[in-house]
Each structure stands twice: as structure tokens, then as C-alpha cells.
Amino acid sequence: MNNTYNKSLSANSQLTQKSVNRCFDGEQHYYSHQSTATKTPMTFSIYLPDEALAGRLCPAVLYLSGLTCNADNVTHKAHFQQKCSELGMIFIAPDTSPRSSDSSDGDSSEVPNDERYFVGQGASYYVDATQQPWADHFNMQSYIVDELYDLLRSEFPIHSMGITGHSMGGHGALLLGFKFPSKFVSVSALSPVCAASESAWGQAAYTEYFGDDQSLWSQADASKMIEKVGQQYASILVDQGAADNFLAEGQLQTAKLQDACTKAKQPLTLRYQAGYDHSYYFIQSIINDHIEHHWRMAQLS
């Protein structure tokens, strides 16, 4: 079946296929497209099990990556493909932010960046910036929940979609999952930033993206969003490495997520995993549980 799915893209598809590799009972694909939300080219990887390649509707999970990452990190390091092939699950990994490039309207100015790794390219926090110079390109909330979501649903045989992520991407999964519950049937997170507006990373980024408007910071805080909107899912799954140095430094603030879920009456399975740090060694050790969580929730949708 290798290289067959490209024929199924719509005649006026916005996607350009970059690569295809056979992997277990499915194929690992990469695509690029010109984004109207970010005004830049964007890329994503998508694992398609054989059921999807044959045109059968399959559940999907959208994975948001963390600081400094792009679509390659989880695709190459997390080892999710075998479990997805076993369950018939689609796995999608977009980039973390717009990247420097000529924009679609002919403006050749570069996408803004910052020398700090927790601000700028690779550090979007999956929000729509309101302050210049970020607002022109850093519209990752709109990109994920509107543009990419609709593009994926139109081009691939997706039955339903869950959302997950790691670190900054775990924050994005929790935030967008509760802010837009009609789009996602399930939510999980690995080592998430749980209270971005109260962490040093988030405060540095939000100062740039939103300025001093604290109301905008609160709207971009996962724990505050959960407390505000209340229960949206039968259960959410969060795993946190107990030996994570960023947890010890106060960047993740997992206890605030637990408090928010308690106040919101949102069922939460929160597991502290002894001995694990913040790395992809942890992710590959626990990712199958998250894939199975999303598969189970999809069966109920």
C-alpha cells in the first residue's frame, strides 16, 4: 500500500506531501502547507494505519509538542507508531510555532524570535498573540483549532479527534481541549505546564505575546480555564515524572491542575511516575497509555 494515500487527497488540496515511510501496519507521512493563520508555511507529521489508508474512518489524536521542539521530536522519539497500528489510530504532530520564512502576502520580514528558548519560535504556547511584533504570525490557537483542525478533517478519514501534548504542548492540550470541547472527544497531557500565567516560562512568554493585560494571561492558563468552564470530559489523563527537574523548579505546578479539576468537578487521573524526568525517555515509556486513553474515549463518542 506504500505511497497510495496521496491519491486520496482532494483535487484542490492545500497539502504538499514531503515524505512517506512504511512503519508497522501503516505509513508515516509528512506534509507542508501555507497557513493563513500564521502567514507562513507550516508542517506536520501524520501516522496513518492501514485502516485509514484504505479509507476507513479512524479515531485520531493530535499531539502538541513542547518548547524547542518541532514535529520531528515525537515522530522520531516517542515510538507511538506500533500501538497506533494495533488500534487503528491516526496520530498527528504539528510544529510548535511559525518559523522564519517569506509570508504568503509577499512580506519578506522574518517571523520574530527571542534568544530565550521559552519565548519565540518553538515557544508559541498555542495562543494567539495580541502584541507586536508577535501578533502578525503567532496565531497558533487559531492555527490548531480552526485551520489545521478543519484541514485534517477534510483531507483524512478521521472519525473523531482527541488532543494531548508534552510540557508546553501539554499546556496547549489542556487549554485548547477545555476551551474548545466541541472539537475534541478526549484530553490528556504528559508533564504539562499547568498554570502558565504563574510560571516563569509562561510569564516571560505572555509578557511578549499579551503585554500587561492580566485578563489575557488568565484566558491562556490551562488550570484557570478548567476551573472556569467546569467538567467537559468523562475523564482526563495526566502523567508527570516524579524526578522531573522542571517540576521541582516550579515551572509545571501540577498541584494547581489537581486543584482546578477538583473545583470544576472534572474527573482526573493524575499519576506521578517514580524515577522519570522530563525527557522523551519518559514520553516513550508512557505514550501507549495515552493512545489507549484516547482510543477508549473515541469508542464512546
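Residues numbered from 1 in each chain as written. Predicted model: local features only at pLDDT ≥ 70, side-chain atom pairs only at ≥ 80, totals over all residues. Heavy atoms only, no water.

### Quick word on the overall build of the protein
Assigned secondary structure in the protein consists of eleven helices and nine strands. Relative to the 2.2 N^0.38 estimate, which gives 19 Å for 301 residues, the radius of gyration of the protein is 18 Å and therefore close to what a compact globule would have. In terms of overall dimensions, the protein has C-alpha extents of about 50 × 45 × 30 Å along its principal axes. Burial status across the protein gives 58% buried among its 301 residues. Sequence separation of 24 or more characterises 73% of the internal contacts of the protein that already satisfy a separation of 6 or more. Carbon and sulfur atoms provide 46% of the accessible area of the protein, an area that totals close to 11,700 Å². Counting 19 positive and 32 negative side-chain charges, the protein places the centres of these two groups 7 Å from one another. (Helix = DSSP H or I, 4+ residues; strand = E, 2+ residues; numbered from the N terminus. Rg over C-alpha atoms; globule rule 2.2 N^0.38 Å. Buried < 20%, exposed > 50% of the residue type's maximum accessible area, 1.4 Å probe, protein only. Contact = heavy atoms within 4.5 Å. Areas by Shrake-Rupley, 256 points an atom, 1.4 Å probe, with all protein chains shown as cover. Lys, Arg positive; Asp, Glu negative; His and termini not counted. Charge placed at Lys NZ, Arg CZ, Asp CG, Glu CD.)

### Some points on the packing of aromatic side chains
Taken as a whole, this structure holds 18 aromatic pairs when the rule is applied. Every member of this aromatic cluster is reached through a ring pair, and the members are Y47, Y63, F80 and F91. (Phe/Tyr/Trp six-rings, centres within 6.5 Å; stacked < 30°, edge-to-face > 60°.)

### With respect to the environment of A200
Summarising the element assignment, A200 is placed in helix α6 (residues 200-210). Judged by relative accessible area, A200 falls into the partly exposed class, the value being 48%. Separated by 97 residues in sequence, A200 and M297 place their C-alpha atoms 34 Å apart.

### What about the state of the cysteines?
Counted according to the given criterion, the structure contains zero disulfides. Looking at the unpaired C23, the closest cysteine sulfur is the one in C84, lying at 9.8 Å. The closest cysteine sulfur to the non-disulfide-bonded C69 is located on C194, 17 Å from its own sulfur. (Disulfide = S-S within 2.5 Å.)

### A short note on the nonpolar core
Counting residues in each nonpolar core, the largest one holds 72 residues, and the members touching the most others are L62, I92, Y125, I144, L152, Y206 and Y209. Sorting elements by how many residues they give to this core places helix α4 (residues 140-155) first, with eight residues. Y47, F80, F91 and Y280 belong to the second-largest nonpolar core, a separate cluster that totals 19 residues. (Core = buried A, V, L, I, M, F, W, Y, C linked by side-chain atoms within 4.5 Å.)

### Observations concerning the packing of helix α8 (residues 222-229) against helix α10 (residues 254-264)
One way to put it is that α8 packs onto α10 with a least axis distance of 8 Å and a crossing angle of 5°. Between α8 and α10, the angle is such that the two are roughly parallel. For the pair α8 and α10, contact is made by S223, I226 and E227 and by K256, L257, A260, C261, K263 and A264, respectively. Classifying every residue of the contact of α8 with α10 gives five nonpolar, one polar and three charged. (Axes fitted to C-alpha atoms, helices over the stretch in contact; angles between N-to-C directions. Parallel < 35°, antiparallel > 145°, perpendicular 65-115°, else oblique. Nonpolar A, V, L, I, M, F, W, Y, C, P; charged D, E, K, R; others polar.)

### Digging into the pairing of strand β4 (residues 58-64)
Within β4, seven of the seven residues are buried, leaving the element largely enclosed by the surrounding structure. Covered by surrounding structure in β4 are C58, A60, L62 and L64 together with P59, V61 and Y63, the residues of both alternating faces. Of the pairings in the sheet, the one linking β4 to strand β6 (residues 158-165) comprises seven bridges and is parallel in character. For L64, the partnering residue across the bridge sits in β6 and is G165. (Pairing = 2+ DSSP bridges.)

### Things to note about the pattern of salt bridges
Once their charged atoms are close, side chains differing in charge can pair, the charge on each being opposite to the other. Enumeration according to the criterion identifies twelve salt bridges in this entry. Measuring nitrogen to oxygen at the nearest pair gives 2.4 Å for the salt bridge that ties K256 to E198. Within this pair, whereas K256 is found in helix α10, its partner E198 is found in the loop between β7 (186-190) and α6, the two being separated by 58 residues in sequence. A single salt-bridge network, built from bridges that share partners, covers K83, E86 and E292. (Salt bridge = Lys/Arg side-chain N within 4 Å of Asp/Glu carboxyl O.)

### Looking at the sheet that holds strand β1 (residues 16-22)
Here we have nine strands laid out as an open sheet, ordered β1-β2-β3-β5-β4-β6-β7-β8-β9, and mixed in their pairing. Strand pairing shows two members of the sheet lacking a second neighbour, β1 and β9 (268-273), which therefore form its edges. The mean inter-strand angle of the sheet, taken between neighbouring strand axes irrespective of direction, is 20°. Sheet analysis places β1 next to strand β2 (residues 26-34), joined by six bridges and oriented antiparallel. Paired with N21 across the two strands is Q28, which belongs to β2. Docked against the sheet, α4 engages β2, β3 (41-49), β4, β5 (90-94) and β6, running at close to 150° with respect to β6. Where helix α11 (residues 280-299) meets the sheet, it contacts β4, β6, β7, β8 (236-241) and β9, and its direction lies at approximately 170° from that of β7.

### Some words on the confidence of the model for the protein
A residue-level look at the protein finds 94% of positions with pLDDT of 70 or above and a mean pLDDT of 94. Between residues 1-7, whose pLDDT stays under 50, and residues either more than four places distant or in other chains, the model counts 19 contacts. Across residues 102-108, confidence stays below pLDDT 50; counting only partners more than four residues off in sequence or on other chains, it has ten contacts. (pLDDT = per-residue confidence, 0-100.)

### Overview of unusual backbone geometry
Residue P133 follows Q132 across a cis peptide bond; omega there is 5°. Here P133 lies in the loop between β5 and α4. Although it is not a glycine, H79 adopts a positive phi angle of roughly 65°. Topologically, H79 is positioned in the loop between α2 (71-77) and α3 (81-87).

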